[in-house]
Amino acid sequence: MPDPIRLTLHRDSAQPQQPQRGTHRIFIGMAAGVGKTYRALSELRERLQSGEDALIGVLETHGRKETIGAAQGLPVFPRREIVRGSTTITELDLDGLIQRCPDIVLIDELAHTNAPGSRFEKRWQDVEALRDAGIHVLSTMNVQHLESLNDTVDRLTGVRVRERVPDHVLHDADELVLIDLPPEDLRARLRAGKIYGPEKVEQSLSNFFTLPNLTALREIALRHVAQALEWTCPTASPPRMRWWWSPLPPRTPPPA
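Remember, it's a predicted structure, so these values are computed and weren't measured experimentally.

Side-chain pairs of opposite charge can arise where the charged atoms are in close proximity. Tallied over the entire structure, the rule returns 20 salt bridges. Between Arg189 and Glu66 there is a salt bridge whose closest N-O contact spans 2.9 Å. With Arg189 in helix 7 (residues 183-191) and Glu66 in helix 2 (residues 65-71), this residue pair connects regions lying 123 residues apart in the sequence. Between Glu66 and Lys194 there is a salt bridge, with the nearest N and O atoms lying 3.7 Å from each other. Taken together, the residues Glu66 in helix 2 and Lys194 in the loop between helix 7 and helix 8 (198-206) connect sequence positions 128 residues apart. Through salt bridges with shared partners, one network takes in Arg21, Glu128, Arg131, Asp132 and Asp174.

Following both chains from N to C, one finds helix 7 and helix 8 inclined at 155 degrees, their axes separated by 9 Å at the closest point. With respect to helix 8, the element helix 7 is oriented roughly antiparallel. Each of Arg187, Leu190 and Arg191 in helix 7 lies in contact with helix 8, whose residues at this interface are Val201, Ser204 and Leu205. For the contact of helix 7 with helix 8, a count of residues per class yields three nonpolar, one polar and two charged.

The next point concerns the pairing of strand 2 (residues 24-29). Most of strand 2 is tucked away, with six of its six residues classed as buried. Here strand 2 shows no split at all, with His24, Ile26 and Ile28 on one side and Arg25, Phe27 and Gly29 on the other all buried. Relative to strand 7 (residues 136-142), strand 2 is paired through six bridges, and the arrangement is parallel. Within strand 7, the residue paired with Ile28 across the bridge is Met141. Two strands pair when backbone bridges link them, and strand 2 and strand 8 (residues 175-179) are joined in this way by five bridges, in the parallel orientation. Bridge pairing in strand 8 places Phe27 opposite Val177.

If you look at the biggest cluster of nonpolar residues, it comprises 62 residues, and the most contacted ones within it are Leu130, Leu186 and Phe209. Tallying contributions element by element places helix 9 (residues 211-231) first for this core, with five residues. Setting aside residues up to four positions removed in sequence, Leu186 forms contacts with Met30, Ala31, Ala32, Gly33, Val34, Leu181, Ile195, Phe209 and Leu214.

A word on unusual backbone geometry. Residues other than glycine seldom take positive phi values, yet Cys101 does so here, at roughly 50 degrees. For Cys101, the location among the structural elements is in the loop between helix 3 (94-100) and strand 6 (104-107). At Glu109, a residue that is not glycine, the phi angle is positive and equals roughly 55 degrees. Turning to its location among the elements, Glu109 is positioned in the loop between strand 6 and helix 4 (123-132).

Inspection of the secondary structure puts Glu60 in the loop between strand 3 (54-58) and helix 2. A polar atom in the side chain of Glu60 sits 3.5 Å from the side chain of Arg79. A polar side-chain atom of Glu60 sits 3.2 Å from a polar atom in the side chain of Arg123. Excluding its chain neighbours within four sequence positions, the residues that come into contact with Glu60 are Arg79, Asp108, Glu109 and Arg123.

The rules behind the values
Residues numbered from 1 in each chain as written. Predicted model: local features only at pLDDT ≥ 70, side-chain atom pairs only at ≥ 80, totals over all residues. Heavy atoms only, no water. Salt bridge = Lys/Arg side-chain N within 4 Å of Asp/Glu carboxyl O. Helix = DSSP H or I, 4+ residues; strand = E, 2+ residues; numbered from the N terminus. Axes fitted to C-alpha atoms, helices over the stretch in contact; angles between N-to-C directions. Parallel < 35°, antiparallel > 145°, perpendicular 65-115°, else oblique. Contact = heavy atoms within 4.5 Å. Nonpolar A, V, L, I, M, F, W, Y, C, P; charged D, E, K, R; others polar. Buried < 20%, exposed > 50% of the residue type's maximum accessible area, 1.4 Å probe, protein only. Pairing = 2+ DSSP bridges. Core = buried A, V, L, I, M, F, W, Y, C linked by side-chain atoms within 4.5 Å. Polar contact = N/O pair within 3.5 Å; in protein donor to acceptor, adjacent residues only side chain to side chain.

Read these as geometric descriptors, not functional statements.
Structural data, given as structure tokens:
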């Protein structure tokens, strides 16, 4: 898997500063399975090993072995249980996490809609509350969930995305980490069962995960992240960019 492209967004020094507010690093990609959560977990582990108080706030593994393996041994903050009839739903325990006040927390799937009874409707709003409490956040999202791209994604792929994130969340982030993967490599991961179970593979390959769809989404992700960088930079100064890229290594089985 290639190394991520990291874009550190410029902040105008003339703007009012909030030194106590937590930072936000978003791991963004073109589709499920490119490795956003895996990369975020790897960074969380590095922060924990460096001595920071680092926790998993919400993790959606979807049963993926690589993700489960990457999370192994990391401290997890318990979710809050919401009982609705005979069903119990678990969501981020926002109030408990703010009271616990770790240095940094992983909040997976930024576009998620919270269950009724949560303080906020959307998970990205939970992230803003955590930042207001001075907690640094690592989060993940797919580019098709951006509000302004909804019609474009629908036109290109025929998929109307219901869960959306306002563009200002992306633009207000401190760093964007673009997890890029060639479409054919992503389709190979899907065929190998690394994204969905066997019963979903063929349907996914012939619907959302077609080569034209993934190519279009990859171009959208690259273009939109570049635009986000431009919008935060004064025309007279170059963007502050950190960029790592390496070829795909040979495919090897994940460690046991």
